[in-house]
Amino acid sequence: MTFYSSLYCDENIRKKKKKIIRKIRRNAGQLGVYVIALSESSDLFDIFHVGMLKQAYFPKEKLHIMGLASSYEMAVNLAVQMVTDFFAIYGTWQFKEKLLVSEEAKWRCF
């Protein structure tokens, strides 16, 4: 599991970002945290509750987390902001592959 170096967070999450990331790493339960990750399918992003990471079958090895939000609505707003930001940078809607291989998009294992 890796985290985008410029992790997108809403105002409520930004205050306690490091603590939330630590809890995600340690598989600790949390309420009111949603994860925005690069999708393994043809979609751009997957948005899901952090409780999904506690499932044994969930593929955490290939998970690239782009953002954290305090509600589903905030996660959708952050995903829209990410799409517009990445379109401005890369000039295309097909930026997922570019993000994975780009030097500018550094991935960290916090």
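Shown above is the structure to which this text applies.
Quick summary incoming for the structure in this document. (Residues numbered from 1 in each chain as written. Predicted model: local features only at pLDDT ≥ 70, side-chain atom pairs only at ≥ 80, totals over all residues. Heavy atoms only, no water.)

### With respect to the overall build of the protein chain
The helix and strand tally for the protein chain stands at four helices and five strands. Listing the helices and strands of the protein chain from first to last along the sequence gives β-α-α-β-β-β-α-α-β. A globule of 110 residues ought to have a C-alpha radius of gyration of about 13 Å, and the protein chain, at 13 Å, matches this closely. Judged by the C-alpha coordinates and their principal axes, the protein chain covers about 40 × 30 × 25 Å. Counting every position in the protein chain, which comprises 110 residues, the buried fraction comes to 38%. At a minimum sequence separation of 6, the contacts of the protein chain that also span at least 24 residues come to 64%. (Helix = DSSP H or I, 4+ residues; strand = E, 2+ residues; numbered from the N terminus. Rg over C-alpha atoms; globule rule 2.2 N^0.38 Å. Buried < 20%, exposed > 50% of the residue type's maximum accessible area, 1.4 Å probe, protein only. Contact = heavy atoms within 4.5 Å.)

### Quick notes on helix α2 (residues 17-25)
Here α2 has its buried residues at Ile20, Ile21 and Ile24. Looking straight down α2, one finds that the buried residues subtend no more than 100° of arc, so they occupy a single side. Of the residues trailing α2, Asn27 is marked for its positive phi of about 60°. (Arc of directions from axis to C-beta.)

### Focus on the pairing of strand β1 (residues 2-9)
Across the eight residues of β1, six count as buried, placing the element largely inside the fold. Bridge count for β1 against strand β4 (residues 64-69) is four bridges, and the pairing is parallel. Note that in β4 the partner of Phe3 across the bridge is Ile65. (Pairing = 2+ DSSP bridges.)

### Considerations on the nonpolar core
Side chains of a nonpolar character, in soluble globular proteins, are inclined to be buried together. Residues Ile24, Val35, Leu53, Leu63, Ile65 and Leu68 are the most contacted members of the largest nonpolar core, which totals 18 residues. For this core, the secondary-structure elements that each account for two or more residues are β1, α2, β2 (34-38) and β4. Other than its neighbours up to four places away in sequence, Leu53 contacts Ile24, Asn27, Val35, Phe48, Phe58, Lys60 and Leu63. (Core = buried A, V, L, I, M, F, W, Y, C linked by side-chain atoms within 4.5 Å.)

### Regarding the packing of aromatic side chains
One pass over the structure, following the stated rule, counts three aromatic pairs. Between the aromatic rings of Tyr4 and Phe86, the centroid separation amounts to 5.9 Å while the plane-to-plane angle is 85°, which identifies the pairing as edge-to-face. Placement of Tyr4 in strand β1 and of Phe86 in helix α3 (residues 72-90) is noted, with a sequence separation of 82 residues between them. Here Tyr4 matches Phe86 in class, with each residue buried. When the centroid spacing of 6.1 Å and the interplanar angle of 75° are considered together, the rings of Tyr34 and Tyr72 count as edge-to-face. Separated by 38 residues along the polypeptide, Tyr34 in strand β2 and Tyr72 in helix α3 bring together distant segments of the chain. Feature note: the residues Tyr4, Tyr8 and Phe86 constitute an aromatic cluster, connected by ring pairs. (Phe/Tyr/Trp six-rings, centres within 6.5 Å; stacked < 30°, edge-to-face > 60°.)

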